[in-house]
Amino acid sequence: MDTNNILSYIKWRGDISLSARSFDEVDALVIATFSYIHLDGIVPDSNKEISIKEAAEKYFNSSNQHLDHYKYQDLLKLMANSVRFGDAKLSYFVDVLTDRIQFSAIKISLDNDTNFISFRGTDDSLVGWKEDFEISFRTTGAQKYALKYLTNILKTTKQVYSLAGHSKGGNLAEYAAVNLPDDLKKQIKTICTFDSPGLSTQVDGVTNKLKRYVPEFSIIGRLFEPENITPTILVSDRPKLAQHDPMSWEVSGSHFITRAHRNPTSKIYNQIINQWIGEANLQEREALTNDLFNAFAASGATKITELNKNGFGGFGAILFSLTNSSRRTRFVLGSLWETIWRSIKATHLEKLFINPNSIIGWVLIILGIVNLMIPDYAYRAFGGIVGVFCIGWSGYHIVTAANSHLVPKSKRFFIITYLIVFGLAVAIISNNRLLAFLAHYVLGIFLIGFAYVRLRNVIVKNKKNGIFKNIIDVVESLIAFAAGIIVIVNPNYFSRQAVIILGILLIIYGLFQLIMELFRQRRLKMPPKHH
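In this text, all values refer to a predicted model and were calculated from it rather than measured experimentally. (Residues numbered from 1 in each chain as written. Predicted model: local features only at pLDDT ≥ 70, side-chain atom pairs only at ≥ 80, totals over all residues. Heavy atoms only, no water.)

Trainee: How should I be thinking about the pairing of strand β2 (residues 89-97) in this particular structure?
Mentor: For a regular strand, side chains alternate in direction, first toward one face of the sheet and then toward the other. Note that strand β1 (residues 50-51) and β2 share 2 bridges and pair antiparallel. By the bridge assignment for β2, Ile 50 is matched with Leu 90. Where β2 and strand β3 (residues 102-109) come together, 7 bridges link them in antiparallel fashion. Among the inter-strand pairings, Lys 89 is bridged to a residue of β3, identified as Ser 109. The antiparallel pairing of β2 with β3 creates a hairpin that spans 4 residues between the two strands. (Pairing = 2+ DSSP bridges. Helix = DSSP H or I, 4+ residues; strand = E, 2+ residues; numbered from the N terminus.)

Trainee: Can you walk me through the packing of aromatic side chains in this structure?
Mentor: For any pair of aromatic rings, the description consists of the separation of the ring centres together with the inter-plane angle of the planes. The final tally for this structure, using the stated rule, is 13 aromatic pairs. Taking 5.0 Å as the distance between ring centres and 15° as the angle between the ring planes, the aromatic pair formed by Phe 194 and Tyr 213 counts as stacked. Remark: Tyr 213 occurs in strand β7 (residues 210-215) and Phe 194 occurs in strand β6 (residues 188-194); sequence separation between them is 19 residues. Side by side, Phe 194 and Tyr 213 carry an identical accessibility label, which is buried. With centroids separated by 6.2 Å and ring planes inclined at 35°, the aromatic side chains of Phe 194 and Trp 249 adopt a geometry described as tilted. Here the residue Phe 194 occupies a position in strand β6, and Trp 249 occupies one in the loop between β8 (232-234) and β9 (251-252), the gap between them amounting to 55 residues. Taken as a pair, Phe 194 and Trp 249 share a single burial class, namely buried. An aromatic cluster of three or more residues is present, and its members are Phe 103, Phe 119, Tyr 145 and Tyr 149. (Phe/Tyr/Trp six-rings, centres within 6.5 Å; stacked < 30°, edge-to-face > 60°. Buried < 20%, exposed > 50% of the residue type's maximum accessible area, 1.4 Å probe, protein only.)

So, in structure tokens, the structure goes:
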């Protein structure tokens, strides 16, 4: 059974005029979402009006329909064929996309004499996404355009307006209203924002007019949110970040289905992000934004959806660009990891991650970071890390063997073996030339040894581990064994680009290992059921 959303709302309520049932909060979301439809060349950019019904007829006979998702096409069809919205008048349509600004807005005059201005949120252009980041450190081009656009309409028409917008569109509505001259603010009746980032400043002069709506799992809508305005929390039929989609919000009758509290996981994410942003100064935020989107542009993409169009070539270009980012950006990214770690400690999750079973995950993450930061010296760095690991490993086993109850002959054999490993590791680390020469051999032997340990673990603890864990261990060991052979026989097999891509994969798989350990620990710590 499909969830009821704004599309089903129009199907139910579309035959009821605004005079029979007054404008409600779901209507406001319909208006906000309507702004995403591309009406270039159809709706005038002046006070000349065209009805939604007439605009829809032109739209579906033009190439504009190919620019929009089918859900937006369905929205336009339903609105055009409804009594509630079909005769609404459209005007003052603006759609601007340059290398610095992504902005679009439209005036909608309903047949109950209610005037709305709907601001479009972020589309899939890199320019639009970059502006979302720029909100954190300066007034964006889109915000300036929104204020100019709204001021012009208010002065020209002398009418009272309500404002609406989803995502960045809500932020534009909020910014424009807050920065209006006091005499023009009187012409603003309400401002409805839907999962929209707030402003870095207080919403002076419009606090009583602002209505904020966010889904249970909201990240974007919780950025810079005003402390003195409590948002309405909406139920979505989508998971996690996908709840940002306004078509996913559930409707019952003429109202949203709501919750009293937001998702606790999203609350943790919000705390991390807000703390991180709060600790970074404006210059650091700007450096991070510029470096990140310069890296995206290096792939040849102009839209978020095009970032993978050149495959590994485009992805590699992004990675190469990021490795050359400014020291300021690297510092900001480092502070993000620090913030995440502080949040983990605050919830005592470190007890779940710092244990022998999760060490391999941390090692993979460290190796991945090394690949990204110094790809040209990856082998030498790997050799050094493996050497340090071998010193610790062999030192531990020397002490263990010395205190064991083995027969003297066996004890001497193990101690001598571990001493040889310890001595070789110290020699390699202490001699740069030796390290440069033997690094790939050390790494290769380590990978082969890791493969042996993993396979042995499968054989010895076959039933205890479970089939899923055994499959993962076997795949790990085979990949590690193959990589070890390649590194020893042909160390030049991995190009600089391949090393960087390998770094990304190591980090991702390391995080996967830690998450798996988290779930394992949760099962171990689960209290027994009460009968």
